[in-house]
Every structure is written in C-alpha cells, then in structure tokens.
Amino acid sequence: MADKPTYQELEKRVQELEEEILKKKDAEEASRESEEKYRILFEKANIAIFVVQDGIIKSPNPKILELLGRAEEEVTTRPFIIFIHPEDQALVQDRHVRRLKGEEFPSTYPFRIVTKAGDSRWVELNVVPVSWEGNPATLCFIHDITDRKETEEALRQRDELFRLVFRTSPDSICIVGPDEAYIDVNEGFCADTGYTRDDALGVTAGSLNLWADDGDSEKLRDVLRENGEVKNFEARFRKKDGSITTSLLSATTFKINNADEAVSTITVTREIGDLKKAEESLRESERNYRLLVDNSADVIWRMDLDRNVTYVSPSIEPMRGYSAEEVMAEPWEEKFVPDSQAVAADAFSRADSSEDPVIFEAEQPRKDGSTVWVEINVQKFIGDSGDP
C-alpha cells in the first residue's frame, strides 16, 4: 500500500497546480489581447482584407465594403467574380483557380473592380493561399490604386503627346546628352541638315561640322551653363551638302532620371534663311521707295485719319517754302487758304469712305505770304497695323 503524501508534498502539488492555472489564465489573456489587436487591425486597416473560399468572399473587413459601396450581406452572398470588371474577370478567375491547385503565380497584380454605383476602380491584389475552417482558401489584401493609375495614364498620354510632337514637328528637335552627343533627333532635323537619324545618334554637332561659326557653339554653351535655357539664339549652320543656313535656336537643360550632375539638353531650331532673305528684300524695297519719294518732284505726304501729317517729302520746301518738319507741325486749318478749306475737307472725307482716289484742286499758302494752286490726289491705304 502506497504511502500517503506528506503535508509538504501536498502543499507543493497545490502550488504547482496554482502556477499552471495562472499560466493558463495568462495565456488565455494574451490570446484575447492578440485577438483584440487583430480585430482592431482588421477593422481599422486602410486596405481591404478578406478571404475567398469556394468563390465567395468571407470575413470581409469594413474597407472592402467601403470600396465596393455595398453592405456585408451583399458581398458575402454572391460570387466574388461579379465585383470584378468584366474585362478582368477571366484573368482573376483563372489565377484564383490555378493558385488553389498549387501553381506558382505572382502574388501581386492589378485589376479593376466595379462599385455598386457602377464606377470602375483600379486595385492591386496581394494574395496568400491559406486553410480556412479546414478547407483551401486565399487570404486577400487589396489596395486602391486608382489615383496612381490615373497619374500613370496622364504621364503616358503626356509622353505620347511629346513623342507625337517630336516626330511630326517641321522644326528641328534634338535631345543632346551630357557629353553633347545626340540621344535622339526628329525628322525636322534630318530635313534641315541632310543627315539621317543614324548619322546623328551618338555623335556631336561638332563632329558633324554643323556650326558654321565655331564661336556660336561656345556662346550657346555659356548661356546654357549660366541660365539653363536660351531662346531665339540666332546662328548659322552648315548642312551636309556644305550650304549655310541661318536659324533660330531655343534650348533648355534637364536631368535624366534625376541625375545629380549629368545635364542633358533639348533644342528646337527653326530655319529662317528664307525669312532673312525676305526681310532684306523688304529693306531694299523700302530703301528704293524712300529714294523715289524723297527725290520726287511731286510732293508726297501721308496723314492719319485725324488729319495729322506723319510724313511729307522734301519737295514740299521748293513748292511752299516750308520745311517738311514745319509742314508736319502745321495745324490743319493753316494748310489751305480759307476759300479752299471746305473743298479740302470734303475731298478728304470722301476719300475716307472710298477705295478709289479722290482728286481735287486747292490753294495753299506759301511761307513768303504768296499762295500756290495745287492738284491733290488722295488715296486711302491700309497701314502695317491693319488700320486705314
């Protein structure tokens, strides 16, 4: 017959039992705290969390309900695939089924969901295979990436617009790297210089001997280094065939991939050789016109609609004795003797409203006190500003 435990042994056993009970209580309390922390995290998380099992969403957190704009009973009683955008349903369904079979797939990928209001939202799914209530399932985490997708689309459209402008602009557009070698050139560059794109890529303007005046490249480099941009820099360039043309160049510097030091440049160049020739022809025409007018025996004068004389040829002085400056400063009523003022006023009024010349005779005073009879031909014309 076994010996009865001593009092000391019973006391020790009681202490051990008490310690086991305390440990169990501590473990249960820790478990409750852990479950409470998980519940708070699950309910307050800023990402959607849910389980998909047998094609149905289970245990959805508030964020997924908010994202879909639906109540919990709507989400947990329907196939999860109906909440996916029709164009993305096949992709999501296929990956879900094959993942449950154990096939390897990227755990993160984007697709679109459809809210109760019918709006599409881009989301990014991160999925983990799990066992839920003893059966295979997937634990899903979803981030709303609609803003990011819209930003990416805006950037894509901007880049596409830049490429379209770059390729189709008749102006010469070039992207030059930090070493001044061409990274890219457009069709306008090829048309202006005679070089092909393959000729230009990887080499510098200096290598192609494009600068007609070596000092211009240094000036441009200095301005870009100081200001980061230049506008309407006039320079002469040498084409592949050796001919020289004048162009206006605008450029700005930028950094590729946010490089600290490496600075690239985009340039836009427009040929103005024909414009320069036209301007020179216009200046020559104006010189010839001025020579003709200033040396004409007839008096030629110009006035605005307020009857202010803005030009009078030098031949006025032999005829009336007044210098051209004196006539331009002369009041209207002093340009004609009193008997001719009404005739002149009527003629000028008729000329204002007619495209045809108006011819009339009038008597004008001379500086020495005498008078002279003149025939005046008045013709309205449109000035450089577009006004008569």
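Details of the structure are given in the entry above.
An account of the accompanying structure is given in this report.

## Re helix H8 (residues 214-227)
Line of reasoning, step 1. Here H8 contains 14 residues, and its C-alpha end-to-end distance of 21 Å stays within 8% of the 20 Å for a straight helix at 1.5 Å per residue.
Line of reasoning, step 2. The complete set of buried residues in H8 reads Asp216, Ser217, Leu220 and Leu224. Down the axis of H8, the buried side of the element spans an arc of 100°, and every buried residue falls inside it. Along H8, the residues that are exposed and aim more than 90 degrees away from the buried face are Asp214, Arg225 and Glu226.
Line of reasoning, step 3. As for H8, its buried residues are in contact with strand E8 (229-238), strand E9 (244-254) and strand E10 (264-271).
Line of reasoning, step 4. Once H8 finishes, Gly228 follows within two positions and takes phi at roughly 80°, a positive value.

## Looking at the side chain of Asn186
Line of reasoning, step 1. As for its position among the elements, Asn186 is in the loop between strand E7 (182-185) and helix H6 (187-193).
Line of reasoning, step 2. On the accessibility criterion, Asn186 (1% relative accessible area) is buried.
Line of reasoning, step 3. Residues in contact with Asn186, not counting those within four places in the same chain, are Phe166, Arg167, Ser169, Asp171, Ser172 and Ile173.

## Concerning the sheet that holds strand E1 (residues 48-53)
Line of reasoning, step 1. Read across the sheet, five strands follow the order E2-E1-E5-E4-E3 without closing on themselves; strand pairing throughout is antiparallel. Each having just a single partner strand, strand E2 (56-58) and strand E3 (108-114) make up the two edges of the open sheet. Adjacent strand axes in the sheet meet at a mean angle of 40° when their direction is disregarded.
Line of reasoning, step 2. With seven bridges connecting them, E3 and strand E4 (residues 120-132) associate as antiparallel partners. Following the sheet pairing, Val114 is matched in E4 by Ser120.
Line of reasoning, step 3. Sitting on the sheet, helix H5 (residues 146-168) is in contact with E3, E4 and strand E5 (135-144), with an inclination near 130° to E4.

## Digging into empty space enclosed by the protein
Line of reasoning, step 1. Tallied over the full model, the rule gives one cavity of 30 Å³ or more.
Line of reasoning, step 2. What the largest cavity holds in volume is close to 170 Å³.
Line of reasoning, step 3. Contributing to the lining of the largest cavity are 19 residues, with Phe50, Val52, Phe80, Ile84 and Phe111 lying nearest its centre.
Line of reasoning, step 4. Sorting the residues of the lining of the largest cavity by element identifies E1, helix H2 (62-68), helix H4 (89-100), E3, E4 and E5 as the ones contributing at least two each.
Line of reasoning, step 5. Classifying every residue of the lining of the largest cavity gives 16 nonpolar, two polar and one charged.

## Some thoughts on unusual backbone geometry
Line of reasoning, step 1. Phi angles above zero are rare outside glycine, and Ser59 is one such case at about 50°.
Line of reasoning, step 2. When you line up the elements, Ser59 lands in the loop between E2 and H2.
Line of reasoning, step 3. Ser59 sits in the partly exposed class, given a relative accessible area of 34%.
Line of reasoning, step 4. If you check the backbone angles, Asn209 has positive phi at about 60° while not being a glycine.

## Some details on the sheet that holds E10
Line of reasoning, step 1. The strand order across the open sheet formed by five strands is E7-E6-E10-E9-E8, and the pairing between neighbours is antiparallel. The open sheet has two free edges, formed respectively by E7 and E8, since each of these has just one partner strand. Between one strand axis and the next, the sheet turns through 25° on average, direction left out of account.
Line of reasoning, step 2. Sheet analysis places strand E6 (residues 172-176) next to E7, joined by three bridges and oriented antiparallel. Within the sheet, the bridge partner assigned to Ile175 lies in E7 and is Asp184.
Line of reasoning, step 3. Strand contacts of H5: E6, E7 and E10, with the helix running at about 120° to E6, the strand carrying the most contacts.
Line of reasoning, step 4. Against the sheet, H8 touches E8, E9 and E10, its axis set at about 165° to E8.

Criteria and cut-off values
- Residues numbered from 1 in each chain as written.
- Predicted model: local features only at pLDDT ≥ 70, side-chain atom pairs only at ≥ 80, totals over all residues.
- Heavy atoms only, no water.
- Helix = DSSP H or I, 4+ residues; strand = E, 2+ residues; numbered from the N terminus.
- Expected span 1.5 Å × (residues − 1).
- Buried < 20%, exposed > 50% of the residue type's maximum accessible area, 1.4 Å probe, protein only.
- Arc of directions from axis to C-beta.
- Contact = heavy atoms within 4.5 Å.
- Pairing = 2+ DSSP bridges.
- Axes fitted to C-alpha atoms, helices over the stretch in contact; angles between N-to-C directions.
- 1 Å grid on protein atoms, 1.4 Å probe; cavity = no way out; pocket = protein on both sides within 12 Å on 5 of 7 lines; lining within 4 Å.
- Points joined across faces, edges and corners; volume = space filled by probe spheres on them.
- Nonpolar A, V, L, I, M, F, W, Y, C, P; charged D, E, K, R; others polar.

Nothing here speaks to function; it is all geometry.
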